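# Structural features, examined
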Amino acid sequence: MSHVLLINVRFHDCRYHGSGDWPPSPARLFQALVAGAARGGLSPSDQEALGWLETLPPPLIAAPSERAGQSFGFFVPNNDLDSVGGDVRRIGKIRTSVKRMRPRMFSPERPFLYAWVFENNEENRSQANVVAYMADRLYQLGRGVDMAWAVGEVIEPVELDRRLEAYTGAIYRPNDGREGITLDCLERGSLDSLCKRYQATGHRFTPTGQGKRLFTQAPKPRFQAVSYNSPITHLLFDLRDTVKAGSPFAPWPLARVVELVQTLRGRVDAEGTPEPGATRRLWDTLPDQRGEISSALIGRNATEADKHRRVRILPLPSIGHAHVNRDIRRVLVEVPPNCPLRKDDISWAFSGLEIASTGDETTRELLSNTQLVPAVDRSMLEHYGLGSGESARVWRSVTPLALPEGAGRRRIEAARLRAEAKDGPERLAEHQCATGAVLHALRHAGVRASATSVRMQREPFEAKELRVEFFSPGTRFAKERLWHAEITFATPVQGPLVLGDGRYAGLGLMRPVASVIGVHAFRIVGGLADGTKPATISAALRRAVMARVQDVLGLRKPLPTFFSGHERNGAPARGNAHRHLAFITDLARDRLLIVAPHMMEHRHPTPDEKRHLSVLAASLVGLAELRAGGAGRLELTSSTAHADDRLLAPALRWESVTEYRVTRHPKRTMDHQALVADAASELARRNLPRPTRIEPIQCTLGSHGGITGRMRIEFATAVSGPILIGQTCHSGGGLFIADEQR
């Protein structure tokens, strides 16, 4: 059994001025320990303990979130004393600002943690206690201005896991990768090199015999460079039928995803012997590493601290198109950088692996014509947020999340569904409990971005996917524990994202939902007055956005037409081109939308519009309240406009959401004919195809001769939104939504 030497470091001013490394490297901490303990010289016990610390593996590091402070310069003497005749009293004449410094600032609530793991025996515990006592004498870490203090303690791994779980900063783990960040760590001889450097510093100037002194640099300390948080290795395989001509895909049913994972890695019998699979292959080839193989692939005898070292098998359902079958045709194998097994060995274990049917224990047979084949095409990974380098704020589950027992729904027997039906408060309580469990799952998965909203349901979010009940049979996860989830983050998150208790069994796989560039969305969460007209809120939103943009541009800078809708002389923008933003109030879905002109005209943005969009994005950061007069004081949360939103997704049939007002009234035509003709003309100006049918639903003649109405539009081919046309389109009028039957 192992123990942990944990050193907690806090900074007096919550600033770190050290240059180069972040977090402060273990080598810096080691030098600070030596400096604190060596006042008057190191005692033999201190030297022995520090030498023991050199033999331990590199430590785990936890550091609070940081931000860059203001840069400033240091005035230091230039190394040119001869230019002033060697007179040190004139050193100010050669002083120059050559050193600039930018401190890192962080919260005082979280300390820095350095955790060394060691074997638990009497000698090691004794040495660890000496180092822990030395930590009390630490007085600075980094530069001389970085005053700090430390507390050392010896704890059990379970206690370390508990503290890391509650830690809100970044966790840095050492590994043997070639990428990630590199920090200096201890090695045998580090203490001896520091002692030699200290002694040499006092003899840097050697007399030459001619009245001059020769300067000699002190030897550098001896440390080893260690990679921290190297990226995960992703091995992608295809499920192929190797008998048929051309080796087509051999799809695996989506509902049996857990069974596929168990089959690939190999089940383990009561005696701990694996059955045919990747684990068995490695067992037979590497008998000396059987314990590490079982821990890394199956999780046998693995603790909570070992989870970051485990290999994860992720069957990938085919997604990316609305009509594709969601069967599993590819398998992704994730190998963490600090896995105890070599990546090449794991790749060999899965390559060419034959798939065994495990549906019935009595009739199990080997399907020799279905094998794992290394994939050539890796484009499917982009649909799961991997490979493209892009991140997303909104993620939806493809396979359901397995949440803890406490987050499960109340089970009702089929015969008593009507008698024991759940009421509204009970359903709400179940969803709130599941939402809390998802937030815990994000922390367990190492996702540091905060979630702004979580949506829980049993039904899938996409067609051709499955309800949660289909994933439960034959697994250890009861159907009441399974949930589909949609999570919106405050900041974009990189994939792949896998959550829940079943993340090592193929469950909890998420996919990113693409956001639409040029559409900003805000959800109304409170403060809306009853009977409010949408135009009132749209006008208030327009005023708020212009005010925030003005703050970003500067008070004396003119507001471009893109934001105001007015020319430089104050006149409204005219012409067929829609060069300014549209502000939409979608009360049916309790949200507000800001639509860029290129989205309204279904074209690419111009260079000027791209610059304006950057300013708009910066101005909308932190918008959480909208004062709309009689409409109320609206509380807002930032949302995301999805590509599959009914206002944006491709569809054949579109129907009015808000009233359409004609831009002009053709003479000698009936009101409904004028409505249809004007709408057809507006669609053409929006670069949309000619509709096959425009059907008026409602038509009203105003007191001043204006015509408003609602209609239904059909196209021969699917057309993407938004469809926003008519005289009042920039304030939310003439908005259409895709018909449910699209």
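Residues numbered from 1 in each chain as written. Predicted model: local features only at pLDDT ≥ 70, side-chain atom pairs only at ≥ 80, totals over all residues. Heavy atoms only, no water.

## Brief notes about the overall build of the chain
A count of helical and extended segments in the chain gives 15 helices and 35 strands. Relative to its full complement of 742 residues, the chain shows a buried share of 44%. Within the chain, residue pairs in contact and separated by at least 24 positions form 73% of the contacts whose partners lie at least 6 positions apart. Of the roughly 37900 Å² of accessible surface on the chain, 49% is carried by carbon and sulfur atoms. (Helix = DSSP H or I, 4+ residues; strand = E, 2+ residues; numbered from the N terminus. Buried < 20%, exposed > 50% of the residue type's maximum accessible area, 1.4 Å probe, protein only. Contact = heavy atoms within 4.5 Å. Areas by Shrake-Rupley, 256 points an atom, 1.4 Å probe, with all protein chains shown as cover.)

## A few points about the sheet that holds strand E12 (residues 181–185)
As summarised here, the arrangement of the three strands in space is E11-E15-E12, forming an open sheet in which the pairing is antiparallel. What marks the edges here is a single partner per strand, and that holds for strand E11 (174–175) and E12. Direction of pairing for E11 relative to strand E15 (residues 224–228): antiparallel, over a ladder of two bridges. Residue pairing in the sheet places proline 174 in a bridge with tyrosine 228 of E15. Sheet strands touched by helix H1 (residues 26–37): E12 and E15. Its angle to E12, the strand with the most contacts, is close to 25°. (Pairing = 2+ DSSP bridges. Axes fitted to C-alpha atoms, helices over the stretch in contact; angles between N-to-C directions.)

## Brief notes about helix H15 (residues 671–685)
Between its terminal C-alpha atoms H15 stretches 21 Å, which fits the 21 Å expected from 15 residues at 1.5 Å a residue. Three or more residues of H15 are buried, namely Ala674, Leu675, Asp678, Ala679, Glu682 and Leu683. Axial view of H15: buried residues confined to an arc of 165°, hence all on one face. Turning to H15, the residues buried within the fold contact strand E32 (660–661), strand E33 (693–701) and strand E34 (707–719). One or two positions beyond H15, positive phi appears at asparagine 687, with a value near 65°. (Expected span 1.5 Å × (residues − 1). Arc of directions from axis to C-beta.)

## Structural notes on the side chain of aspartate 241
Structurally, aspartate 241 is set in strand E16 (residues 233–241). Excluding residues that lie within four positions of it along the chain, aspartate 241 makes contacts with Ser247, Pro248, Phe249, Ala250 and Asn369.

## Here's the deal with the confidence of the model for the chain
Overall, the prediction assigns the chain a mean pLDDT of 83, with 88% of residues at 70 or greater. Within the chain, no element has a lower average pLDDT than strand E6 (residues 95–101), which sits at 61, and none a higher one than strand E22 (residues 401–402), at 94. Low confidence marks residues 358–367, where pLDDT is under 50. Its contacts with residues over four positions away, or in another chain, come to 17 contacts. (pLDDT = per-residue confidence, 0-100.)

## Some details on the nonpolar core
Formed by 45 residues in total, the largest nonpolar core has its most connected members in Leu5, Ile7, Val9, Leu29, Phe30 and Leu53. The element contributing the most residues to this core is H1, with seven residues. When near neighbours in sequence (up to four residues on either side) are disregarded, isoleucine 7 contacts Leu29, Leu33, Phe112, Leu113, Tyr114, Trp116, Val131, Ala135, Ala150, Val151 and Gly152. Counting residues in hydrophobic clusters, the runner-up holds 38 residues, among them Trp252, Val257, Val333 and Ile346. (Core = buried A, V, L, I, M, F, W, Y, C linked by side-chain atoms within 4.5 Å.)

## Considering the layout of surface pockets
Quantified by volume, the second largest pocket comes out at close to 1700 Å³. Looking at the lining of the second largest pocket, the elements that each hand over two or more residues are helix H4 (157–166), strand E10 (170–172), strand E18 (328–335) and helix H10 (424–444). Examining the composition of the lining of the second largest pocket, we find that four residues originate from one element, H4, more than from any other. Residues belonging to the lining of the second largest pocket are distributed by class as follows: 21 nonpolar, 13 polar and 13 charged. (1 Å grid on protein atoms, 1.4 Å probe; cavity = no way out; pocket = protein on both sides within 12 Å on 5 of 7 lines; lining within 4 Å. Points joined across faces, edges and corners; volume = space filled by probe spheres on them. Nonpolar A, V, L, I, M, F, W, Y, C, P; charged D, E, K, R; others polar.)

## Brief notes about empty space enclosed by the protein
Under the criterion given, the structure shown has two cavities of 30 Å³ or more. Looking at the largest cavity, its volume works out to about 60 Å³. What lines the largest cavity is Val519, Ile584, Arg591, Leu593, Val595, Ala641, Asp645, Leu647, Leu648, Pro722 and Leu735. Here the element with the most residues in the lining of the largest cavity is strand E28 (residues 591–595); it accounts for three residues. Of the residues contributing to the lining of the largest cavity, the split by class is nine nonpolar, no polar and two charged.

## Some remarks on the packing of helix H2 (residues 44–54) against helix H3 (residues 122–135)
Interhelical geometry of H2 versus H3 gives an angle of 110° and a closest axis separation of 9 Å. It follows from the interaxial angle that H2 and H3 lie roughly perpendicular. Contact with H2, carried on its side by Ser45, Asp46, Glu48, Ala49, Leu50, Trp52 and Leu53, involves Asn124, Gln127, Ala128, Val130, Val131 and Met134 of H3 and no other residues of that element. Here the residues of the contact of H2 with H3 sort into eight nonpolar, three polar and two charged. (Parallel < 35°, antiparallel > 145°, perpendicular 65-115°, else oblique.)

## Concerning the packing of aromatic side chains
Applying the stated criterion across every chain yields a total of 10 aromatic pairs. The interplanar angle of 75° and the centroid separation of 5.5 Å between the aromatic rings of phenylalanine 11 and phenylalanine 106 together place this pair among those described as edge-to-face. On the criterion of sequence distance, the pair formed by phenylalanine 11 in strand E1 (residues 2–11) and phenylalanine 106 in strand E7 (residues 104–106) is long-range, its members being 95 residues apart. Each member of the pair phenylalanine 11 and phenylalanine 106 is classed as buried. Ring centres 5.6 Å apart and planes at 75° place the aromatic pair tryptophan 52 and phenylalanine 118 in the edge-to-face group. Pair noted here: tryptophan 52 is in helix H2 and phenylalanine 118 is in strand E8 (residues 112–119), with a separation of 66 residues, a long-range link. The class for tryptophan 52 is buried, based on a relative accessible area of 10%. Among the residues examined, phenylalanine 118 registers a relative accessible area of 3% and is labelled buried. Taken together through their ring pairs, the aromatic side chains of Phe11, Tyr16, Trp22, Phe106 and Phe112 make up a single cluster. Note that arginine 409 overlies the ring of tryptophan 483, its terminal NZ or CZ placed 4.8 Å from the centroid. (Phe/Tyr/Trp six-rings, centres within 6.5 Å; stacked < 30°, edge-to-face > 60°. Lys NZ or Arg CZ within 6 Å of the ring centre and 35° of its normal.)

## Quick notes on the sheet that holds strand E3 (residues 60–63)
Overall, antiparallel pairing links the five strands, which are arranged E9-E1-E8-E3-E10 in an open sheet. Two strands lie at the open edges of the sheet, namely strand E9 (148–155) and E10, each paired on one side alone. Adjacent strand axes in the sheet meet at a mean angle of 15°, parallel and antiparallel pairs treated alike. The sheet contact formed by E3 and E10 spans three bridges and is antiparallel.

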